[in-house]
Amino acid sequence: MKQLRNNVIRAGLGALYFTGAHHLLRPIFAGVGTIFMLHSVRPGRNGAFQPNRHLEVAPEFLRAMLSHLRCLGIDIITMDDVYRRLTERDFSRRFASFTFDDGYRDNRDFALPVMREFEAPFTVHVTSNFAQGVGHLWWIALEMVIARVSSIEVEIDGIATRFDASTPATKQAAFDRLHDWLRGLPAGDDLQREITALCARHGLDEAAICPELCMSYDELKSFADDPLVSLGAHSVTHCNLAGQSPEVASQEMAVSRARIENAVQRPVVHLAYPYGDRLAAGPREFALAKAAGFKTAVTTRPGMLFPENAGYLTALPRVSLNGNYQDERILPVLTSGAATAMWNGFRRIDAA
Ligand SMILES: [Zn+2]
C-alpha cells in the first residue's frame, strides 16, 4: 500500500510539473511562506531495503531547494522571524523556514555546510532523550532487525504471526505491517516493550542506535553556537502526545524544553510534535503547546502558510522534503503550493 501511495504521489507531482499547472496555481496557493520539514541529511546509500528513506535527503537535494528558493527571491528565515512576520502581518516578501526533527548528527555534518553556502538559518527540533543518549529510535531499530533476518515472528493481539523477510520486497512488506502495528499500540510503553523484545530476540544492541545517530548535549552546545542554528523542542521521549494524559503531554513539552535550555543555555521557544500527524497532534495538543508558552509549534500536516495561520501559531503546517521524491523537477511544484493544496482539498487552514 505504501508503495502504491508513493507512486500516486509521485505521479501527482509529475502531472503538476508536466502540465505546468503549478505555474497557474502559484498565485493562489503559494501563500505567504513555507516551513520545510526534514529529518536526516546524508549522502544516499545503496541497498534495496531502505524503509526509512523518506526521512533522509541527500545534501545535493537540499542544495537544489535552497538555490531554487534563492532564484525565486524567497527569504530564508528563522522560526523567530516566522513568528514575527505572521503576528505583525509582514507579508511584503515571501519566506521559507527550514526545520529538522529529532536531532541527528548528520544535520551538523551534512546539512549545516549546505545551509552555510546560502547563509540560511534553520531550526533543529531536539528530542531530549535522544540528546541524552537514552532515547529509542524504534523505527530505525525495526529496520535494522528486519534487515538482518530472513523471517520474523511477532505476537500480534495474542497471535504469533510470522512474516517472510527473505527479499527486499517482503522485508518492506513486513516493515510496513509492523510499523503500523507498533504505531497503533495504545501507549508508548507497549511500543517500547515490543521493540526491546524484538531487538533482544535478534541480537540487536538497541541502546547503541541513539548515541550513534543523534547529537549529545555537548555536541548540541557547540552546534548551537553557530549563528545559523536554533534549537527547538521535540518532546522528551518522542511519544505520541495525543495518546498521553494531558499532564504527561504537557510534561513532555515542558521538560524537553527545560532540559535543552539548561544544556545549551539558550531559550527554546519552538516545538515540533513527534509524528505530528492528525493522530499525534490535535486541538488539545495545540492548546497545551500554547499554554506551555511556545511561540510556534509545527505539525507534519502538509500546507503552506497563509495570513490566517497567525491565529493558529501552535498548529502550523509544513512541507516535507521527502527522501522518496528527490527529483529536482518537483521543487517548483512544492513551492507553488499546488501539491499541498490538493492534499488539503484546497482548504487553507487545517487546525481542527
Ligand atoms: Zn521526530
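Everything discussed here concerns the structure shown above.
Let me sum up the structure you'll find in this document. (Residues numbered from 1 in each chain as written. Predicted model: local features only at pLDDT ≥ 70, side-chain atom pairs only at ≥ 80, totals over all residues. Heavy atoms only, no water.)

1. Some remarks on the packing of helix α12 (residues 246-264) against helix α13 (residues 283-291)
Okay, so step 1: Where α12 contacts α13, the axes come no closer than 10 Å and their chain directions differ by 50°. Comparing the axis directions of α12 and α13 gives the class oblique. Pair α12 / α13 crosses with right-handed handedness. Along its contact with α12, which presents Pro 246, Ala 249, Ser 250 and Met 253, the element α13 presents Arg 284, Glu 285, Leu 288 and Ala 289.
Okay, so step 2: A per-class count over the contact of α12 with α13 returns five nonpolar, one polar and two charged. (Axes fitted to C-alpha atoms, helices over the stretch in contact; angles between N-to-C directions. Helix = DSSP H or I, 4+ residues; strand = E, 2+ residues; numbered from the N terminus. Parallel < 35°, antiparallel > 145°, perpendicular 65-115°, else oblique. Left-handed = near helix turned anticlockwise from the far one by under 90°. Contact = heavy atoms within 4.5 Å. Nonpolar A, V, L, I, M, F, W, Y, C, P; charged D, E, K, R; others polar.)

2. Some remarks on the pairing of strand β8 (residues 159-164)
Okay, so step 1: Direction of pairing for strand β7 (residues 151-156) relative to β8: antiparallel, over a ladder of six bridges. When the sheet's bridge partners are listed, Ser 151 is paired in β8 with Asp 164.
Okay, so step 2: Once β7 ends, the chain turns through two residues before running back antiparallel as β8, passing Asp 157 with a positive phi of about 50°. (Pairing = 2+ DSSP bridges.)

3. Considerations on the pattern of salt bridges
Okay, so step 1: With the rule as written, the count across this model stands at 21 salt bridges.
Okay, so step 2: In this structure, Glu 219 engages Arg 105 in a salt bridge whose closest nitrogen and oxygen atoms are separated by 2.8 Å. With Glu 219 in helix α11 (residues 217-224) and Arg 105 in the loop between β5 (95-102) and α5 (106-117), this pair connects stretches of sequence that are 114 residues apart. There is no split in this pair, since Glu 219 and Arg 105 are both buried.
Okay, so step 3: Here the salt bridges share partners, and the residues they tie into one network are Asp 81, Arg 84, Glu 88 and Asp 90. (Salt bridge = Lys/Arg side-chain N within 4 Å of Asp/Glu carboxyl O. Buried < 20%, exposed > 50% of the residue type's maximum accessible area, 1.4 Å probe, protein only.)

4. Focus: the packing of α11 against α12
Okay, so step 1: Running from amino to carboxyl end, α11 crosses α12 at an angle of 70°, the nearest separation of the two axes being 9 Å. As judged from the angle between their axes, α11 and α12 are roughly perpendicular. For α11 against α12, the interelement crossing comes out right-handed. Contact residues: α11 offers Tyr 217, Leu 220 and Lys 221, while α12 offers Arg 259, Ile 260, Ala 263 and Val 264.
Okay, so step 2: Looking at the contact of α11 with α12 residue by residue, the class counts come to five nonpolar, no polar and two charged.

5. Points about the pairing of strand β9 (residues 229-233)
Okay, so step 1: Across the five residues that make up β9, a large majority, four, are buried.
Okay, so step 2: Here five bridges tie strand β6 (residues 122-126) to β9, and the two strands are oriented parallel to one another. Residue Val 124 lies in a different strand from β9, and its bridge partner there is Leu 231.

These figures come from the coordinates and say nothing about function on their own.
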